[in-house]
Amino acid sequence: MGYRQYLILGLGSIVAFSAYADNKIRGEELIVVQTTSTDRQSFVIYKGLKDGISKGQEIIFGNENVSFVCKAVEVNRLYSLWKPVDKNMQIPFNKDDIVSYNSHAYGNVALDIVADYNNLTPTVNFNEIYKKFRSNNNYSTKVSYNSGLSQSSSDVSADKNSTRTGYAFAAEYNYRFMPVFEMSFGLRIDSENYRLKSPELDIPTNRALITVAMTYHLTSLSQNENNYYLSLGAGIGTSKTIINEAISSGYATILPEARFGYLKPLSTKMALIVEGSVESLNSNEKFSNGTQQTTNMINAKISIGLRF
């Protein structure tokens with residue numbers, strides 16, 4: 001065999017190996033369809049120039065029923081618009097459908113240089129499917145039950161302190177400024193009851209607080225769509241207490257509140273949150289006669305809610 005034949009064989013081997021290596025690296029993904037045109041001729045996905053998509057690129061899309069080749073006709077940094085190569089093909093996808101995305105195309109079929117059983121199971125991109133909770137801003141609502149761990153009041157002796165229990169409702173706007181970090185801004189309404197031992201007396205307290213929190217999502221430790229998170233928060237607002245029909249009012253502060261939570265997506269648009277927290281809460285209130293009352297509390301809370 002001559003020099004030229006060896007050269008051709010060598011180049012052929014390099015091309016085949018490169019194609020195989022590229023296939024191993026890129027593989028198949030699952031993505032969410034952002035929207036579909038009314039005429040069923042095009043659709044949009046959340047992949048653009050930043051993901052290596054270019055105008056004219058051909059990709060195989062499919063669901064459990066059909067797979068077909070599409071061409072990118074419009075591309076910007078974040079999104080891309082796709083149309084089937086076969087002009088007689090109508091898009092079988094709907095908005096928010098989860099479809100497969102395969103970058104290996106040859107004509108109208110997929111091409112694998114060497115068969116690999118691992119490719120039978122697409123790589124699930126949870127950051128793409130659940131971007132509502134992984135990269136986008138969202139809202140959350142929570143209902144909490146809290147119990148006092150300790151309390152000291154300026155006008156109550158320590159041996160008369162008893163248990164403080166209550167409920168809270170909170171609503172927050174969560175601003176995701178980094179993949180794992182977010183800032184939350186919210187409103188919280190508290191309703192608590194404190195029972196004195198001697199004399200026996202129930203003392204209700206109501207608070208309205210503005211809150212802010214910094215959250216770190218532990219997505220790197222998760223192998224599925226769920227994740228744990230840690231938060232550190234603070235708050236300030238009004239406080240009103242009724243003692244034997246006498247009303248004292250003033251302000252209350254939370255500094256700090258430490259939270260440990262669990263987030264579980266129920267769909268691509270809604271997620272369940274379960275959270276435990278401990279907070280240090282201080283109130284400074286005054287009666288109509290000018291008497292000042294200062295209270296320092298450590299509370300433990302368990303919360304359940306939704307993100308959307």
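A quick note: this is a predicted structure, and the numbers were derived from the prediction, not measured.

Another aspect to go through is the overall build of the protein chain. Looking only at helices and strands, the protein chain has three helices and 15 strands in total. Taking all 308 residues of the protein chain together, 38% fall into the buried category. Long-range contacts, defined as pairs at least 24 residues apart, comprise 64% of the intrachain contacts of the protein chain with a sequence gap of at least 6. Carbon together with sulfur atoms contributes 59% to the accessible area of the protein chain, which is approximately 17000 Å² in total.

A few words now on the pairing of strand β4 (residues 67–75). Where strand β3 (residues 58–62) meets β4, five bridges bridge the pair, whose relative direction is antiparallel. Across the sheet, the residue bridging to I59 is C70, located in β4. The turn joining β3 and β4, which pair antiparallel and follow one another in sequence, is formed by four residues. Sheet topology note: the β4/strand β5 (residues 80–84) ladder contains five bridges and is antiparallel. What sits directly across from A72, in β5, is W82. What sits between the antiparallel neighbours β4 and β5 is a turn of four residues.

Working definition: the strands of a sheet are paired by backbone hydrogen bonds and lie parallel or antiparallel to each other. Taken together, eight strands build a closed barrel; the order of strands is β8-β9-β10-β11-β12-β13-β14-β15 and the barrel is antiparallel. For this sheet, the mean inter-axis angle between neighbouring strands, taken without regard to orientation, is 20 degrees. Where strand β11 (residues 201–217) meets strand β12 (residues 227–243), 13 bridges bridge the pair, whose relative direction is antiparallel. Residue pairing across strands places V212 opposite A234, the latter belonging to β12.

Looking now at the pattern of salt bridges. Opposite charge on two side chains permits them to pair, given that their charged atoms come into close proximity. Scanning the model with the defined rule gives 16 salt bridges in all. Close ionic contact of R207 with D190 constitutes a salt bridge, the shortest N to O distance being 3.3 Å. With R207 in strand β11 and D190 in strand β10 (residues 181–196), this residue pair connects regions lying 17 residues apart in the sequence. Both residues of the pair, R207 and D190, count as buried. The partner of E257 in a salt bridge is K301, and the shortest N-O contact between them spans 3.5 Å. Of this pair, E257 sits in strand β13 (residues 246–265) while K301 sits in strand β15 (residues 292–307), and the two are 44 residues apart along the sequence. Judged by its relative accessible area of 4%, E257 falls in the buried class. Taking the relative accessible area as the measure of exposure, K301 reaches 10% and is therefore buried.

It is worth spelling out the packing of aromatic side chains at this point. This model, assessed by the stated rule, comprises 15 aromatic pairs. Measuring from centroid to centroid gives 5.6 Å for F68 and F93, while their planes differ by 25 degrees, and the two rings are stacked. Residue F68 is located in strand β4, and its partner F93 is located in the loop between β5 and β6 (98–102); the two are separated by 25 residues in the primary sequence. The exposure classification of F68 matches that of F93, with both residues buried. Their ring planes at 20 degrees and their centres at 6.4 Å tell us that F126 and Y130 sit as a pair that is stacked.

With respect to the element layout, S303 can be found in strand β15. Given the relative accessible area of 4%, S303 is considered buried. A polar contact of 2.5 Å, which involves the side chain of S303, links it to the side chain of S144. Excluding residues that lie within four positions of it along the chain, S303 makes contacts with K142, V143, S144, I273, V274 and E275.

Of all residues in the protein chain, 82% have pLDDT values of 70 or greater, and the mean over the chain is 84. The low-confidence segment residues 105–120, where pLDDT is below 50, has 24 contacts with residues more than four positions distant or belonging to other chains.

With that settled, consider a nonpolar patch on the surface. A contiguous nonpolar surface patch, about 1000 Å² in accessible area, is contributed by Y139, Y173, Y175, F177, M178, F185, V212, M214, L266, M270, L306 and F308. If you list the elements that add at least two residues to the nonpolar patch, you get β9 (164–176) and β11.

By the bridge criterion, 13 bridges tie β9 to β10 in an arrangement that is antiparallel. Residue E172 lies in a different strand from β10, and its bridge partner there is G186. Across 16 bridges, β10 lies against β11 in antiparallel orientation. Paired with I189 across the strands is A208, a residue of β11.

Now for the environment of T219. Inspection of the secondary structure puts T219 in the loop between β11 and β12. Owing to a relative accessible area of 18%, T219 belongs among the buried residues under this scheme. Expressed as a C-alpha distance, the spacing of T219 and Y229, which sit ten residues apart in the sequence, is 8.1 Å. Residues within four places of T219 in sequence aside, it is in contact with R134, V180 and N227.

About the thresholds
Residues numbered from 1 in each chain as written. Predicted model: local features only at pLDDT ≥ 70, side-chain atom pairs only at ≥ 80, totals over all residues. Heavy atoms only, no water. Helix = DSSP H or I, 4+ residues; strand = E, 2+ residues; numbered from the N terminus. Buried < 20%, exposed > 50% of the residue type's maximum accessible area, 1.4 Å probe, protein only. Contact = heavy atoms within 4.5 Å. Areas by Shrake-Rupley, 256 points an atom, 1.4 Å probe, with all protein chains shown as cover. Pairing = 2+ DSSP bridges. Axes fitted to C-alpha atoms, helices over the stretch in contact; angles between N-to-C directions. Salt bridge = Lys/Arg side-chain N within 4 Å of Asp/Glu carboxyl O. Phe/Tyr/Trp six-rings, centres within 6.5 Å; stacked < 30°, edge-to-face > 60°. Polar contact = N/O pair within 3.5 Å; in protein donor to acceptor, adjacent residues only side chain to side chain. pLDDT = per-residue confidence, 0-100. Patch = residues over 30% accessible without salt bridge, like charges linked within 9 Å, V, L, I, M, F, W, Y side chains within 5 Å.

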